[in-house]
Structures are given as C-alpha cells and as structure tokens.
Amino acid sequence: MSTFQYDVLVIGAGGAGLMAALYASKSANTAVLSKLYPTRSHTGAAQGGISAALGNHEEDHWEWHAYDTVKGSDYLGDQDAIEIMCREAIDVVIELEHMGLPFDRTPEGKIAQRPFGGHTRNYGEAPVRRACHAADRTGHMILQTLYQQCIKHNVNFFDEFQVLDLIIEDGVCKGAIAYEIDTGEIHTFHAKAVILATGGWGKCWSVTSNAFTLTGDGAAIVLRHGVPLEDMEFFQFHPTGIWKMGILITEGVRGEGGILRNNLGERFMERYSPTLKDLAPRDVVSRAIYMEIREGRGIDGKDYVYLDATHLGRERIEKKLPDIADFCRTYLGIDPAEQPMPVQPTAHYAMGGIPTDVDGRVIVDANNTPLYGLYAAGEVACVSVHGANRLGTNSLLDLVVFGRRAGIHAAAFANEIEFQPIPDNADEPTRELVERVRTHDGDENVATIRAEMQKLMMNNVGVFRTEELLTEAVEKLKELKERARNISIQDKGKRFNQDLLEAIELYNLLDLAEVTALSALNRTESRGAHSREDYPERDDENWLKHTLIYREEDGSYRFDYKPVTITKFEPKPRVY
Amino acid sequence: MKVKLRIKRFNPEKDKEPWWGEYDVEMDPTDRVLDALHYVKWHIDGTLTLRRSCGHGICGSDAMRINGVNRLACKVLLRDVAPVVTVEPILGLPVIKDLVVDMEPFMAQYRSVMPYFVNDEPPPPRERLQSPEERAVFDDTTKCILCACCTTSCPSFWARGEYVGPAAIVQAHRFIFDSRDRAAAQRLEILNEPDGIWRCRTVYNCTNACPREIKITEAIAEVKKALLFSRL
C-alpha cells in the first residue's frame, strides 16, 4: 500500500477526464486514475460527430444550437448551462482541431459538418449541418487526440487503477481509495481536488450500446456518501442499435440520408415527425419504433425495424460510414449498400447523474451548496445540459466543454488551499469491502444476478413505463440486492482479480438501477426519454423541476427537487 | 452449436508453467469468441482472466491469439473458427495472468515516436485549413486503436522486443503525413535508429492481423520512402 499526493486527481480517462487533466495539469500537480488503459474508454465508441455552430456549410448560430438543445431536453435542461455549452462549442472544436484532431474537410479545407437529430436552422425550420465529424469515428479521434496531448504534456497516469471509494469528511473531498488491478494492492490518493469522470451505467440494461466496463462506479460511490443523484429517471435509448446486440449504429446514417422502415416498407417517421422525419430527436424516434413494433409492423412481426441506407450508394457508405459498414459485415453478415440493417432501441446514455454547477463543482442540494474539492464532468455528471433527452453529438461536446471547465476550476481551487489532513484509516471501509467480497462464501453468482437485473431493467424500466412495471422493478431490485449480499466469487487471488471487481461493479449497477426505477416511479408525467403510459402528458405545473434522490444512512431513499433554470426559452409544446 | 475452447491458462500466484484449460460450451454460431470466453468466466471458472471493454472492435482491449492468429475476441464469430477454438495471449509481451499481458513495453514504444501533433506556429483564429486530398493521405493510419495485434504478430518483434514495431510506425505515419504537422523530420530520425523501421522485413503479418484493416505494410513502406527521400 502507498499514499500518493496530487493537487488534482482525475478519475476516469475518457473525453471529460482527459480534457480536465490537460487543463488541470497546466497549473497543478495532476494525476489520472483509470480502470482501463485510457484509449479503451468509451468516448472512443462515439461515432457521428460533435456539434458546434461553425456555419461551415450554411448559416448557423450558437443561439439556434442552444434552442435546439433546450427543446431537445423537453425544457428540463438548465438554460444558463446550455448557453455556455453552445457558445463554447465553437471555440472548443477549433481547439481540438488545433490539437491535431483529423476532422473530415470541406472542399475549402474547413471542418466538415453533417445534419443530426434535432439540430435545426432558425429555431426549428429544417435540419442544419452542425455535427463536425471524422467519418463515423469522431469519438475515437477525440479520445486519441486528447490522449496524445496528455502524452505530449507528460500527464501522470495510473492505468488499471480502479477507484473504490472517495475520502469525504465534513463536506470536503480529500482524495480517493484505489485498487491496483495488477497487484490487488489498495492505495490512498490524497488530493486537494478530485474530478469524477467515470462515465455512465448502460450495463444496467440487457440491450445496450455501452461497454462492459460502464458500471457507473463514480455515481454509485458518491450516492453512498450522501450526495444526491439528479434526474436519474432520464436514460436515453438510442433508436438504432443492432438488433439483439445493441451495438450502436450512428445517427449519422440518418444524417447522411438513411431511412427507417417498418415491415410494410413505410417510412414511418413521416407520421411521427412531419418536419424532421428520421432526424427527430432520439426519444421521439425510439418511441416511434416501439409503437410500430407494438402495432405489429416490426420486421417479420419481431421487435426490430429496418434502417435503410441502400439508396446512399456504396461509395458514400464506405467513405462516410466505414465503421458502420464493417459492423454490418462482421456481426450481421450483411452489406449495408445492398441490404437494410435490423435495428432496435438500445440503452445508450444517462442524462442524469451527479449534480454539478457550470464549473463542474458537485453540489449537494437544491440551494447549490458545493461539496468542496469534488468535481464531476462528462456522462457521470448532470449539469444539466441534456435535461430529459440529449441531442446526438451533444455528449462529445459536453465532455470537452465541461471537462475543460472542471479542470480549470479544480486547479484554481487546489492552488488556493492546503492539503486537508486525512485519517490514517481512510482506506479501512475499502479493505473491508474487498476482503468481504473475496472471502464470502455464499450460493449466488455475479453473472446470474446481473443478467436478471439487466432483463428486468429492459422490460420494466425501458422506453415505455407504467406504475405497475416500475413498482415491480423496485421490488425485484430490492430482492436482487439482498441476494447479491450472498455472492461468492471463485477467484481468491490478488493478481488481476476481475472476478472480485465484477462483483463490486454489480453492487454499483444495482444501486443505480434502484435509484433509476425509484425516480421513474416518482415522476408522474411524460417528458423526454421518460414516457409514462399512465401519465402520457408533460406536466409543467408540477414537474418542471429536477429530481434529486438521496440515500439515507439506513439505506432508504428520499427525494428533493431543484428548479430548472430558464433564461430565453419558455416551455412550449414540443413538436417536430 | 457445441464449441470446445482450449484456453492457455497461467496464474503466477499458483502455476509454475502455463497449462491448457478445455471447456465445452453450447453457443450460437453468431456468438463471438468473447461471448464464449465470458460464458466460461461467468458460469464455469471465474478465475479466467481477460481484458475487454467495448465488445465491438473499437476499444482494442481484447487482442488475443485465436487459432494461431491475432484477433480481437469481440470481432470473431464462433461459426468462423469452431468447433475447436484455441485461445492464447498475444505473443512477445510478458503474461500477467491468463490472456492478460503487460502492455507497458508496447505503450513505451508507442510513446517513443512522438505520437502527438506538433505545430508551434501561432494558430489561426479558426481551424487550420487542410484539403480533403491532404486529409486523405493519412486517413488509414488514424484508425489505429492500439490493440497490439500487429506488433505482436510480427516476427521481427518476436526476435527482438526492442524493435519499435508496426503499431508505433503506424502512429508516426499518422503525423508524418499530416500536412499541418511540423515534426516529421524528428520522427523520421527516431525511426531511423537501429531498432527502428529498418527491422521491418515486409512479412505482412501486421496487415493481416489488423482488426481495423489498416494497410500497415504500405504505411511502413511510405515512411521508409520518406526516410530515403529525405536523406537524398
């Protein structure tokens, strides 16, 4: 065991973590902990683009981008934060280009842009080309570019160190406890500021675009420390995952002109979204697909529809969507230039998460009281810029804009204060947890409980929800949590013990599944990604507010609420 | 379908020598090798250890030797390799446990070639311009996910672990041929060292192994040509 000391500790090495680290390390002694090698982070799987109103093809303004984001969020996004994101988008995308990011180019040599769902010109008139792209591997390019810059600037990395706890005392975060995967050693990291950038928790669901490693570790850890989680009922289902596998097929396919069709061959989105059609926001398209399936118009009566790109021509597909073509060949044995792709909605992105202000500071109540020394950025955080439904391309933007802001603010904060003393036994709870999981002799298995949770979440806490389904989910999750205490693992060793870590990750997933189901049960309206069949209308009078869910010491939960910040755009009916 | 998995196992806390574990599993033909490995890990032997993350060929975690060739376990369907599937760790890097190898020597070689954009001229207020043609020159090598399939399939690397290896050359290529970058000469200097690019014997193993279908041998040839040309 060792104790390390850094001014700023970044946990997670995806887009938000690396951007935060790049900025924090300019003025503060900074280290990055990641349970993976940084280039394995799931930012690398993002495909279609990152939005910024560059106007490289046609007129565009950040205000239009802000309006689209507010409307996309079903008016639940905080408009001050959205304005910051959309304004800084332009500068941050240019900064990425200056870091060497290889965007595709227009004939004039500028960054190329394509249309994406819910992005429009002049406040909703028609689709606009706003998504800056590098083929269909924009996230890969962002992740690689940021990691390259971290190498250039000698950022300290602790690769394959999994964070299991935070040191939080008297409303101040003073560091983290990490498990070195290679050796099984537990280390204490003493820090003046900690930035959580651990990503989402899509592995709560059985059909997901998320990596196996997206288990919501950061969010679950802070929940146990009494920090609330915000808007957990809002989880995005991306409309086009590969049938049964969940692998993401970028919205960029529709941005390039791809069309969704049911078993009659109909372009059904014309009925659900007359103006934007296939480029409606994701919540709208995912619901439409489910409606088609329910009414028997899934392909062969099954639970999928077709995403048709055959009319785009082979050259365009190979040039603009090469990875998609590769996925289709590898996993489906089909050629997207010849055959349509079977798709279904796939659990994709957490709009909710750890509440923060616009500088990434974690806040613990409706009065925006900060938890000093703790920051969060990226998918794990809820600023909230995505509200009830995120627009495509705004996640990559969120990562770099708020990763940068968190890095800058955390470093400035760290440079103003001294290290706060930490107790000698700060790692004690983690040691006990690890020992208990390693040695417990029970008759339950991690994979079995995880699979049951994932199926339950898919069936009961998916695109459409009812009180009955959600109540059942809450009860069953309680049972699963009880059973999970009786897990026994087979690997009792110290070296690279993933058996142990998968058990701890399951505890994290179960906690997040539970607060998701509880928050969904609590919100008796339909807004964005949260569709209650028993409450089909949006209810601004009662529910134009953010949910905060707290875990009490006895394991029970309580709710509180936070007002939505509205600046320019008053809530209106949301039609596309 | 019935699949027999033969997995090379090694746990340094218990084993003096590696051994072969055999597991009979019932899988779908369209399942991936990764699914079969997960089945073993989750339902037969929890001590089986491998890296994986995204599960669809983008993150580069699960490079391994499958029936004698380097592949990502998440990109190989069982129907293409069954009924007997032999899985070993990639070669030439120290084994930590089972299918997990120490990636640090590989990452050190990667870091040695200045794998980052260099241009100290004051940037313009907007993006630096680059024509689609200039962008296309290095497109192929931007696809690299650092999985190490190429380097650990290279006989020159097996023979001498100090060889910088194809993956690092691919990364160098990505910047050497970027019209915006200004450090091509320095990278070429680095690759001109004794353990640099000239240890490539044009065996094409790297190109065959690349899960991203990067034409690695061609990229290496382009860098060699740049070196020769810049010397003339």
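Residues numbered from 1 in each chain as written. Chains lettered and ligands numbered in written order. Predicted model: local features only at pLDDT ≥ 70, side-chain atom pairs only at ≥ 80, totals over all residues. Heavy atoms only, no water.

By the naming in an unreviewed UniProt entry, chain B goes by Succinate dehydrogenase iron-sulfur subunit and is assigned to Ardenticatena maritima. UniProt's Pathway (unreviewed entry) comment on chain B is quoted here verbatim: "Carbohydrate metabolism; tricarboxylic acid cycle." (UniProt positions renumbered as here; feature names shortened; annotations may be inferred.)

Identification of chain A as Succinate dehydrogenase flavoprotein subunit from Ardenticatena maritima is taken from an unreviewed UniProt entry. What UniProt states about chain A under its Pathway (unreviewed entry) heading is, verbatim, "Carbohydrate metabolism; tricarboxylic acid cycle; fumarate from succinate (bacterial route): step 1/1." What the UniProt record of chain A gives under Catalytic activity (unreviewed entry) is the line "a quinone + succinate = fumarate + a quinol".

The helix and strand inventory of chain A stands at 16 helices and 22 strands. Taken over the C-alpha trace, chain A has a radius of gyration of 22 Å; the compact-globule value for 576 residues is 25 Å, and the two agree within 12%. Looking at the 576 residues of chain A, the share that counts as buried comes to 68%. Across chain A, contacts joining residues at least 24 apart in sequence account for 75% of those joining residues at least 6 apart. Accessible surface for chain A amounts to roughly 18,100 Å². Of this, 46% is attributable to carbon and sulfur atoms. Taken together, the 62 basic and 87 acidic charged side chains of chain A have centroids lying 4 Å from each other. (Helix = DSSP H or I, 4+ residues; strand = E, 2+ residues; numbered from the N terminus. Rg over C-alpha atoms; globule rule 2.2 N^0.38 Å. Buried < 20%, exposed > 50% of the residue type's maximum accessible area, 1.4 Å probe, protein only. Contact = heavy atoms within 4.5 Å. Areas by Shrake-Rupley, 256 points an atom, 1.4 Å probe, with all protein chains shown as cover. Lys, Arg positive; Asp, Glu negative; His and termini not counted. Charge placed at Lys NZ, Arg CZ, Asp CG, Glu CD.)

This part covers the sheet that holds strand E4 (residues 113–121) of chain A. All names here are of chain A. Spatially, the three strands line up as an open sheet ordered E3-E5-E4, and their pairing is antiparallel. Each edge of the sheet is formed by a strand with only one pairing partner; in this case those strands are strand E3 (50–51) and E4. When E4 meets strand E5 (residues 126–132), the two strands line up antiparallel, connected through five bridges. Note that in E5 the partner of Arg-114 across the bridge is Ala-131. (Pairing = 2+ DSSP bridges.)

All names here are of chain A. What the second largest pocket holds in volume is close to 1,000 Å³. Around the second largest pocket, the lining is made up of 34 residues, and of these Arg-224, Leu-433, Arg-436, Asp-511 and Arg-551 lie nearest the centre. Looking at the lining of the second largest pocket, the elements with two or more residues in it are strand E7 (161–169), helix H5 (217–224), helix H12 (428–439), helix H14 (467–484) and helix H15 (498–522). Residue contributions to the lining of the second largest pocket peak at seven residues, all from H15. Residues of the lining of the second largest pocket, tallied by class, amount to 14 nonpolar, seven polar and 13 charged. (1 Å grid on protein atoms, 1.4 Å probe; cavity = no way out; pocket = protein on both sides within 12 Å on 5 of 7 lines; lining within 4 Å. Points joined across faces, edges and corners; volume = space filled by probe spheres on them. Nonpolar A, V, L, I, M, F, W, Y, C, P; charged D, E, K, R; others polar.)

All names here are of chain B. Pairing is mixed across the open sheet formed by five strands, whose spatial order is E2-E1-E5-E3-E4. Looking at which strands have only one partner, the edges of the open sheet turn out to be strand E2 (19–26) and strand E4 (69–72). Looking at each pair of strands side by side, their axes are set apart by 35° on average, direction ignored. As paired elements, strand E1 (residues 2–9) and E2 share eight bridges and run antiparallel to each other. Its bridge partner lying in E2, Val-3 is registered against Val-25. (Axes fitted to C-alpha atoms, helices over the stretch in contact; angles between N-to-C directions.)

In this approach, a probe sized like a water molecule rolls over the atoms, and the result shows the empty space that is left. For the structure on display, the rule yields ten cavities of 30 Å³ or more. Size it by volume and the second largest cavity reaches roughly 230 Å³. Together, 16 residues line the second largest cavity, and A:Lys35, A:Leu36, A:Thr213, A:Gln498 and B:Arg52 are the ones closest to its centre. Of all the elements, H15(A) adds the most residues to the lining of the second largest cavity, at four residues.

Further remarks concern the domain arrangement of chain B. Residue and element names in this part refer to chain B. You can read the domains of chain B as domain 1 (1–99) and domain 2 (101–227). Centre-to-centre, using C-alpha coordinates, domain 1 lies 28 Å away from domain 2. Counting residues at the interface gives 20 residues for domain 1, matched by 18 residues for domain 2. For the pairing of domain 1 and domain 2, the buried interface totals around 1,500 Å² over both sides, and the portion due to carbon and sulfur atoms is 62%. (Domains from an automatic or database assignment. Buried area = accessible area lost by both parts, 1.4 Å probe.)

All names here are of chain A. Relative to the helices and strands, His-348 is located in strand E14 (residues 341–350). According to the relative accessible area criterion, His-348 is buried, its value standing at 12%. Side chain to side chain, His-348 and Ser-209 meet in a polar contact 2.6 Å long. Excluding its chain neighbours within four sequence positions, the residues that come into contact with His-348 are Ser-209, Asn-210, Phe-235, Gln-236, Phe-237, His-238, Leu-248, Arg-282, Glu-379 and Arg-390. (Polar contact = N/O pair within 3.5 Å; in protein donor to acceptor, adjacent residues only side chain to side chain.)

Bringing the packing of H12(A) against H15(A) into the picture now. All names here are of chain A. Between H12 and H15, the shortest axis-to-axis distance is 10 Å and the interhelical angle comes to 115°. It follows from the interaxial angle that H12 and H15 lie roughly perpendicular. Classified by chirality, the crossing of H15 by H12 is right-handed. Along the contact surface, H12 presents Leu-433, Val-434, Val-437 and Arg-438, while H15 presents Leu-500, Ala-503, Ile-504 and Tyr-507. The class makeup of the residues in the contact of H12 with H15 is seven nonpolar, no polar and one charged. (Parallel < 35°, antiparallel > 145°, perpendicular 65-115°, else oblique. Left-handed = near helix turned anticlockwise from the far one by under 90°.)

As a further point, take the pattern of salt bridges. Two side chains carrying opposite charge are able to pair once their charged atoms lie near each other. Taken as a whole, this structure holds 83 salt bridges over all chains when the rule is applied. For B:Arg135, the salt bridge goes to A:Asp104, with nearest N and O atoms at 3.7 Å. With B:Arg135 in helix H3 (residues 132–137) and A:Asp104 in the loop between helix H3 (79–98) and E4, this pair bridges two chains. What makes B:Arg135 buried here is its relative accessible area of 5%. The exposure class assigned to A:Asp104 is buried, which follows from its relative accessible area of 14%. With its nearest N and O atoms 3.0 Å apart, the salt bridge here joins A:Arg271 to A:Glu266. According to the relative accessible area criterion, A:Glu266 is partly exposed, its value standing at 32%. Each of A:Asp74, A:Glu233, A:Asp283, A:Arg287, A:Arg523, A:Glu525, A:Arg527, A:Arg538, A:Asp540 and A:Arg574 takes part in salt bridges that share partners, so that together they form one network. (Salt bridge = Lys/Arg side-chain N within 4 Å of Asp/Glu carboxyl O.)

Residue and element names in this part refer to chain A. Under the criterion given, the structure shown has 24 aromatic pairs over all chains. Centroid distance Phe-158 to Phe-161: 5.2 Å. Interplanar angle 70°. Geometry classified as edge-to-face. On the basis of relative accessibility, which here comes to 12%, the residue Phe-158 falls in the buried class. Given the relative accessible area of 9%, Phe-161 is considered buried. (Phe/Tyr/Trp six-rings, centres within 6.5 Å; stacked < 30°, edge-to-face > 60°.)

Let us look at helix H5 (residues 165–176) of chain B. With twelve residues, H5(B) extends 16 Å between its outermost C-alpha atoms, agreeing within 8% with the 16 Å of an ideal straight helix rising 1.5 Å per residue. Residues of H5(B) that are buried include every one of B:Gly165, B:Pro166, B:Ala167, B:Ala168, B:Ile169, B:Val170, B:Gln171, B:Ala172, B:His173, B:Arg174, B:Phe175 and B:Ile176, and no others. (Expected span 1.5 Å × (residues − 1).)

Looking now at the nonpolar core. Of all hydrophobic cores here, the largest spans 170 residues; its most connected members are A:Ile50, A:Met341 and B:Val33. Looking at this core element by element, the count peaks at eleven residues for helix H11 (residues 394–416) of chain A. Setting aside its immediate chain neighbours within four residues, A:Ile50 contacts A:Val93, A:Leu96, A:Phe103, A:Arg130, A:Ala131, A:Cys132, A:Thr138, A:Ile142, A:Thr393, A:Leu396, A:Leu397 and A:Val400. By size, the runner-up hydrophobic cluster in this structure holds 86 residues, among which are A:Tyr6, A:Ala381, A:Phe496 and A:Ala517. (Core = buried A, V, L, I, M, F, W, Y, C linked by side-chain atoms within 4.5 Å.)

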